[in-house]
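# Analysis of the macromolecular model
Listed below, chain by chain, are the residues.
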Amino acid sequence: MTPYRMLRGVVLRVYYPVLMFLSAFFKSRKEGFQRSVIHINNRLVRAERPKTKKILLLLPHCIQMNECTIRLTHNIYNCERCGRCEIKDLIEIAEENSLELFVATGGTIARKIVKEVRPEAIVAVACERDLSSGLVDTYPFPILGITNDRPYGPCFNTRVDLDKVKDAINFFSRDCD
Ligand code: SF4
């Protein structure tokens, strides 16, 4: 096990629970604590420098436009690519990079997808809470976490910086041709 991976274990299994304990007393800082854990995790995953093209891109359900009635949970490719939400762009990114792409409605489904797809690395988009707990659950798996943007509040028509998604994919798949 590399020192960076061990350090990631300390961050996720020791530092994170301590921060979550503290957040019981400093509730307003909870999201910031979670964001810091995601940030440190990403730095350490990058320092480990894993390389693979077998990447899973996991998205939160709330990135789908609320008015869209198409069911994406079992097959994101049901999307008709109308462009009203970023699912269309994310499908294109997945196709360009030959990635597995899924929408997960929660931690249990996300774990099931990971078990079925058996990727070697994950790029995960979610809110601070789901991302940080997901990183802890799946350690030592290499995951680059990207927090979503929530211009309309939590769990509703959320968005993601597509450049960050592309950058994370390029990081894992560099020199893998
Ligand atoms: S791109 Fe259009 S069809 Fe696809 S999920 Fe978004 S709103 Fe629905």
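For the structure, check the block above.
Rules used throughout
- Residues numbered from 1 in each chain as written.
- Predicted model: local features only at pLDDT ≥ 70, side-chain atom pairs only at ≥ 80, totals over all residues.
- Heavy atoms only, no water.
- Salt bridge = Lys/Arg side-chain N within 4 Å of Asp/Glu carboxyl O.
- Helix = DSSP H or I, 4+ residues; strand = E, 2+ residues; numbered from the N terminus.
- Buried < 20%, exposed > 50% of the residue type's maximum accessible area, 1.4 Å probe, protein only.
- Pairing = 2+ DSSP bridges.
- Axes fitted to C-alpha atoms, helices over the stretch in contact; angles between N-to-C directions.
- Contact = heavy atoms within 4.5 Å.
- 1 Å grid on protein atoms, 1.4 Å probe; cavity = no way out; pocket = protein on both sides within 12 Å on 5 of 7 lines; lining within 4 Å.
- Points joined across faces, edges and corners; volume = space filled by probe spheres on them.
- Nonpolar A, V, L, I, M, F, W, Y, C, P; charged D, E, K, R; others polar.

Following the criterion strictly, the structure yields 14 salt bridges and no others. Here Arg 150 ties to Glu 31 by a salt bridge, and the two come within 3.4 Å at their closest N and O atoms. Of this pair, Arg 150 sits in the loop between β4 (143–147) and α6 (162–173) while Glu 31 sits in helix α2 (residues 30–48); the two residues are 119 residues apart in sequence, bridging distant segments of the chain. Assessed through its relative accessible area of 37%, Glu 31 is described here as partly exposed. One salt bridge connects Lys 112 with Glu 116, and the closest N-O pair in it is separated by 3.4 Å. With Lys 112 and Glu 116 both in helix α4 (residues 107–117) and four residues apart, this pair spans about one turn of that helix. Relative accessible area serves as the criterion here: at 57%, Glu 116 is assigned to the exposed category.

This part takes up the sheet that holds strand β1 (residues 55–60). Within a sheet, each strand pairs with its neighbour through backbone hydrogen bonds, oriented either parallel or antiparallel. Judged by pairing direction, the sheet is parallel, and its four strands sit side by side in the order β2-β1-β3-β4 without closing on themselves. The open sheet is flanked by β2 (100–104) and β4, the only strands paired with a single partner. Neighbour-to-neighbour, the strand axes of the sheet open up by a mean angle of 20°, direction not taken into account. Packing against the sheet, helix α5 (residues 128–138) makes contact with β3 (121–126) and β4, and its axis sits at approximately 170° to β4.

The subject of this paragraph is the layout of surface pockets. The volume enclosed by the largest pocket comes to roughly 690 Å³. Together, 34 residues line the largest pocket, and Val 125, Ala 126, Cys 127, Asp 130 and Leu 131 are the ones closest to its centre. If you list the elements that add at least two residues to the lining of the largest pocket, you get α2, β1, α4, β3 and α5. Per-element accounting of the lining of the largest pocket gives the leading share, nine residues, to α5. When grouped by side-chain class, the residues that make up the lining of the largest pocket number 17 nonpolar, 10 polar and seven charged. Size it by volume and the second largest pocket reaches roughly 280 Å³. Breaking the lining of the second largest pocket down by element, the ones donating at least two residues are α2, β4 and α6. Per element, the largest residue contribution to the lining of the second largest pocket is six residues, and it comes from α2. Of the residues that constitute the lining of the second largest pocket, the class distribution is four nonpolar, four polar and five charged.

None of the figures reported here should be taken as evidence of function without further support.
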